[in-house]
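Summary of the model geometry
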Amino acid sequence: MQSNEAAVSMEIEKVSSEAKSGSGFFPSKPKFEPLKAHEMSEGQVQFRKVSVPPHRFTPLKKAWMEIYTPIYEQMKVDIRMNLKARKVELKTRSDTPDVSNLQKSADFVHAFMLGFDVIDAIALLRMDELYVDSFEIKDVKTLRGEHLSRAIGRLSGKGGKTKFAIENSTRTRIVIADSKIHILGSFTNIKVARDSLCSLILGSPAGKVYSKLRAVSARLAERF
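Quick look at the structure, then. (Residues numbered from 1 in each chain as written. Predicted model: local features only at pLDDT ≥ 70, side-chain atom pairs only at ≥ 80, totals over all residues. Heavy atoms only, no water.)

**Remarks on the sheet that holds strand 4 (residues 131-136)**
Put simply, the test is: What makes two strands pair is DSSP finding at least two bridges between them. The way it works is that DSSP assigns letters per residue, a run of H or I at least four long becomes a helix, a run of E at least two long becomes a strand, and they are numbered from the N terminus. Note on geometry: axes are lines fitted to C-alpha atoms, helical ones only across the stretch in contact, with angles between N-to-C directions running from 0 to 180 degrees.
Pairing is antiparallel in the open sheet, where three strands are placed in the order 4-6-5. Looking at strand neighbours, the two that pair on one side only are strand 4 and strand 5 (173-177), the edges of this open sheet. Taking each pair of neighbouring strands and ignoring which way they run, the sheet shows an average axis angle of 15°. Bridge count for strand 4 against strand 6 (residues 180-185) is six bridges, and the pairing is antiparallel. Across the sheet, the residue bridging to F135 is I181, located in strand 6.

**Details of the pattern of salt bridges**
Applied cut-off: Throughout this description, the term salt bridge denotes a Lys or Arg side-chain nitrogen within 4 Å of a carboxyl oxygen of Asp or Glu.
Within this structure, the stated rule accounts for nine salt bridges. Two residues, D133 and R194, come together in a salt bridge whose shortest N-O distance is 2.9 Å. With a gap of 61 residues between them, D133 in strand 4 and R194 in helix 11 (residues 187-201) connect regions that are remote in the sequence. K191 is paired through a salt bridge with D195; the nearest N and O atoms lie 3.5 Å apart. In this pair, K191 and D195 are both assigned in helix 11, four residues apart and thus about one turn of the helix distant. Salt bridges linked by common partners bring D78, R93 and D95 together as one network.

**Here we look at helix 4 (residues 64-74)**
Operational definition: Only protein chains enter the accessibility calculation, which uses a 1.4 Å probe; a residue is then buried when its area is under 20% of its type maximum, exposed when over 50%, and partly exposed in between. Regarding the arc, it is the one traced by the directions from the helix axis to the C-beta atoms. Throughout, a contact is declared for two residues whenever any of their heavy atoms are within 4.5 Å.
Those residues of helix 4 lying buried are I67, P70 and I71. The buried residues of helix 4 occupy an angular sector of 95° when projected down its axis, which confines them to one face. Counted as exposed and oriented over 90 degrees from the buried face of helix 4: M65 and E73. Structurally, helix 4 contributes buried residues whose contacts are with helix 3 (57-62), strand 2 (77-82), strand 3 (87-92), helix 5 (100-114), helix 6 (118-121) and helix 7 (123-126). Two residues or fewer past helix 4, K76 is found with a positive phi of approximately 60°.

**Thoughts on the packing of helix 9 (residues 146-156) against helix 10 (residues 161-170)**
So the rule is basically this: Roughly parallel covers angles under 35 degrees, roughly antiparallel covers those over 145, roughly perpendicular covers 65 to 115, and oblique covers all other angles. Basically, the charged four are Asp, Glu, Lys and Arg, the nonpolar ten are Ala, Val, Leu, Ile, Met, Phe, Trp, Tyr, Cys and Pro, and anything else, Gly included, counts as polar.
At a minimum axis separation of 4 Å, helix 9 and helix 10 run at an interaxial angle of 50°. It follows from the interaxial angle that helix 9 and helix 10 lie oblique. Taken together, the residues of helix 10 that come into contact with helix 9 (itself represented by R154, L155 and S156) are K161, T162 and K163. Split by residue class, the contact of helix 9 with helix 10 holds one nonpolar, two polar and three charged.

**Some details on unusual backbone geometry**
Positive phi is not limited to glycine here, since R171 has a value of about 55°. Inspection of the secondary structure assignment puts R171 in the loop between helix 10 and strand 5. Given a relative accessible area of 64%, R171 falls into the exposed group. The phi torsion at D178 lies on the positive side, around 60°, for a residue other than glycine. When you line up the elements, D178 lands in the loop between strand 5 and strand 6.

**Structural notes on the packing of aromatic side chains**
Using the following cut-off: Here a Phe, Tyr or Trp ring, Trp counted by its six-membered ring, pairs with any other such ring whose centre lies within 6.5 Å, and the pair is stacked when the planes are under 30 degrees apart, edge-to-face when over 60, and tilted otherwise. Criterion for a charge above a ring: Lys NZ or Arg CZ within 6 Å of the ring centre, and within 35 degrees of the ring normal.
The final tally for this structure, using the stated rule, is two aromatic pairs. Both rings, one in W64 and one in Y68, keep their centres 6.3 Å apart while their planes meet at 35°; by these two values the pair is tilted. With W64 and Y68 both in helix 4 and four residues apart, the pair spans about one turn of that helix. Judged by its relative accessible area of 25%, Y68 is partly exposed. Their ring planes at 10° and their centres at 5.3 Å tell us that Y68 and Y72 sit as a pair that is stacked. With Y68 and Y72 both in helix 4 and four residues apart, the pair spans about one turn of that helix. Grouping aromatic residues by their ring pairs yields a cluster made of W64, Y68 and Y72. Of note, R56 hangs over the ring of F112, and the distance from its end group to the ring centre comes to 4.6 Å.

**Comments concerning the sheet that holds strand 3**
Strand order across the open sheet formed by three strands is 1-3-2, with antiparallel pairing between neighbours. A single partner strand is all that each edge strand has here, and the edge strands are strand 1 (47-51) and strand 2. Going from strand to strand, the sheet's axes swing by 20° on average, the running direction of each strand aside. In this structure, strand 1 lies alongside strand 3, joined through five bridges in antiparallel fashion. Across the sheet, residue R48 finds its bridge partner in strand 3, namely L90.

So far we have only geometry, and geometry alone does not tell us how the molecule works.
In C-alpha cells form, the structure reads like this:
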C-alpha cells in the first residue's frame, strides 16, 4: 500500500513539474488595434440624411459654419447641404474615429432643425446621455381653437417666464413649436420637465407647478 501511495504522489509531482515547465511556452496575448468606422462596415461608407423644414432654411444658412466646423473637424464626418433635395447629408470618412460619431452628428443637426440653438444642440456631440424627446399637446389632452391657444400660452408664460423656469429647474432646453413640444436633456430631467408641461396643459396653475418643481429640483440636487 505504501509503495502505491508513493507512486501516485510521484506521478502528481511529475505532472505538476511538467505543467510549470510548459507554462513558459504560451505565446503572448495578441494586441489588435481598434477598428475604424469604415472597417467596421466592411469598407462601406455610411450615410445619414436630415430633412430641412422650410422655416429652418434661413437659420441654417446663417448658422452653417457653426454646424459645419464641429462635425467636420471634431467628429471627422463629412457634411454637405443638398439644395435640390433640401436635406443635410452626412457620411463617414476613412479617418472617422468611431462609427457612433455619424449618428451623434445627425442628432445634432436634427435638434437644430427642431428649433434648438446651436449652443444647446452641440451638447449632443459631447455627452452620451442626452437626447431629444418630442410630443404634441393633443397627446396629453384634445384641445381645439382658443383652448389650444390658451394651453400654449400657459406653457410659455408671460415673456417666456414659465418655460425658462422649467428649463432652469430641470436643466433642460424646451422648444414650443405651435402644438409640438421638444425637450433636450437627460432621461430623468426630461421626465420632470414633461410632467410639469403636462400639468400646465391639463390646467394646473403656474404657481402650483413652480412649487412642485422646487421640491423635485431639491431632490435631484440631493441625489447628485
